[in-house]
Amino acid sequence: MDNKGGGAQGTSGETEKLFGAVETGENFDAFMGSREDLKPKMETPAELIDNDNTAEIAGEEQPTEQPAAAVTDDDSADDEKKDEEVKEQLAKLKVSGNAGMLPSAYEKAVRSIMARNRKDPFRLVRELDIARWDLMEKAFSRKLGDGLNGSGAK
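What counts and how
- Residues numbered from 1 in each chain as written.
- Predicted model: local features only at pLDDT ≥ 70, side-chain atom pairs only at ≥ 80, totals over all residues.
- Heavy atoms only, no water.
- Helix = DSSP H or I, 4+ residues; strand = E, 2+ residues; numbered from the N terminus.
- Buried < 20%, exposed > 50% of the residue type's maximum accessible area, 1.4 Å probe, protein only.
- Contact = heavy atoms within 4.5 Å.
- Areas by Shrake-Rupley, 256 points an atom, 1.4 Å probe, with all protein chains shown as cover.
- Core = buried A, V, L, I, M, F, W, Y, C linked by side-chain atoms within 4.5 Å.
- Axes fitted to C-alpha atoms, helices over the stretch in contact; angles between N-to-C directions.
- Parallel < 35°, antiparallel > 145°, perpendicular 65-115°, else oblique.
- Left-handed = near helix turned anticlockwise from the far one by under 90°.
- Nonpolar A, V, L, I, M, F, W, Y, C, P; charged D, E, K, R; others polar.
- Expected span 1.5 Å × (residues − 1).
- Arc of directions from axis to C-beta.
- Polar contact = N/O pair within 3.5 Å; in protein donor to acceptor, adjacent residues only side chain to side chain.
- Salt bridge = Lys/Arg side-chain N within 4 Å of Asp/Glu carboxyl O.

Asker: Just checking my understanding: could you explain the overall build of the chain for this structure?
Answerer: Regarding its fold elements, the chain presents 7 helices and 0 strands. Taken from the N to the C terminus, the helices and strands of the chain come in the order α-α-α-α-α-α-α. The proportion of buried residues among the 154 residues of the chain is 17%. Residue pairs at least 24 apart in sequence account for 40% of intrachain contacts in the chain once pairs closer than 6 positions are excluded. Of the roughly 12600 Å² of accessible surface on the chain, 53% is carried by carbon and sulfur atoms.

Asker: Help me understand the nonpolar core, please; the structure alone is not making it clear to me.
Answerer: One recurring pattern in soluble globular proteins is that nonpolar side chains are buried together. Among the nonpolar cores identified, the biggest contains 11 residues, and these are V86, L90, L93, V95, Y106, A109, V110, I113, I130, A131 and A139. Elements represented by at least two residues in this core include exactly helix 5 (73-91), helix 6 (104-116) and helix 7 (121-140). Among the elements that line this core, the one with the most residues is helix 6, at 4 residues. Contacts of A109, omitting those with residues within four sequence positions, involve Q89, L90 and L93.

Asker: Quick question: what am I supposed to make of the packing of helix 6 against helix 7 here?
Answerer: Between two packed helices, what matters for the description is the angle formed by their axes and the separation of those axes. Helix 7 packs onto helix 6 with a crossing angle of 165° between their chain directions and a minimal axis gap of 9 Å. On the basis of the axis angle, helix 6 is roughly antiparallel to helix 7. Our pair here, helix 6 against helix 7, has a crossing hand that is right-handed. Contact residues: helix 6 offers Y106, V110, I113, M114 and R116, while helix 7 offers L124, E127, L128, A131, D134, L135 and K138. For the contact of helix 6 with helix 7, the residue count by class is 8 nonpolar, no polar and 4 charged.

Asker: Please explain helix 7 as it appears in this structure.
Answerer: A turn of α-helix holds 3.6 residues, and therefore any two residues three or four places apart point the same way. Helix length check: helix 7, at 20 residues, gives a terminal C-alpha distance of 27 Å against a target of 28 Å (1.5 Å per residue), a fit within 8%. Every buried residue belonging to helix 7 is among R123, E127, I130, A131, D134, K138 and A139, and all of these are buried. All buried residues of helix 7 project into a common sector of 145° when viewed along the axis, lining one side. What points out from helix 7, more than 90 degrees from its buried face, is the exposed set P121, F122 and V125.

Asker: Looking at this model, I keep getting lost on the side chain of R123. Mind explaining?
Answerer: Its place among the elements puts R123 in helix 7. Looking at R123, its side chain comes within polar contact range of the side chain of D83, at 2.8 Å.

Asker: For this particular structure, what's the right way to read the environment of D146?
Answerer: Position of D146 relative to the elements: it lies in the segment after helix 7. Polar contacts involving the side chain of D146 include one to the side chain of R142, which spans 3.4 Å. Here K143 takes part through its backbone nitrogen, which lies 3.1 Å from a polar atom of the side chain of D146.

Asker: Would you take a moment to explain the pattern of salt bridges for this structure?
Answerer: Pairing between side chains of opposite charge can happen when the charged atoms of each approach one another. This structure, assessed with the given rule, holds 12 salt bridges. For the salt bridge of E107 with R111, the shortest nitrogen-to-oxygen distance reads 2.9 Å. In this pair, E107 and R111 are both assigned in helix 6, 4 residues apart and thus about one turn of the helix distant. What makes E107 partly exposed here is its relative accessible area of 32%. For R111, a relative accessible area of 54% translates into the label exposed. The residue E127 makes a salt bridge to R116 at a minimum N-O spacing of 2.9 Å. Of this pair, E127 sits in helix 7 while R116 sits in helix 6, placing them 11 residues apart in sequence. Its relative accessible area of 2% is what places E127 among the buried residues.

Structural data, given as structure tokens:
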């Protein structure tokens, strides 16, 4: 069957019997008028819509814009204060050069960091990062950002 309903398998007369006059184009407008669910939904092109009043056109209530929560100086000062406290706590602990195992005192300090920040993953990662680089500096003389140019083991 070709696109017009005729072809090798049947004639247009058979198509009219199967699908009625609608398939062949007769009374198509009347059929489309009776079926609201088949009518295409017309939308206004995006170029013609003013972005400020799109909800008004649709009859919806416009959402109010919430300003993004900005990081205040108080938050960053508080974070820096907490970072310094962790650095002071870890500075008191001794780690031998080329340490094969983590000293028990250092392990307790890391466990306390984990327990203290169990519900704040941002602080947990930040404080564990401080502890990691403190250990790297004490045990292997490596500093953050030195790449392959570190002085190596003591």
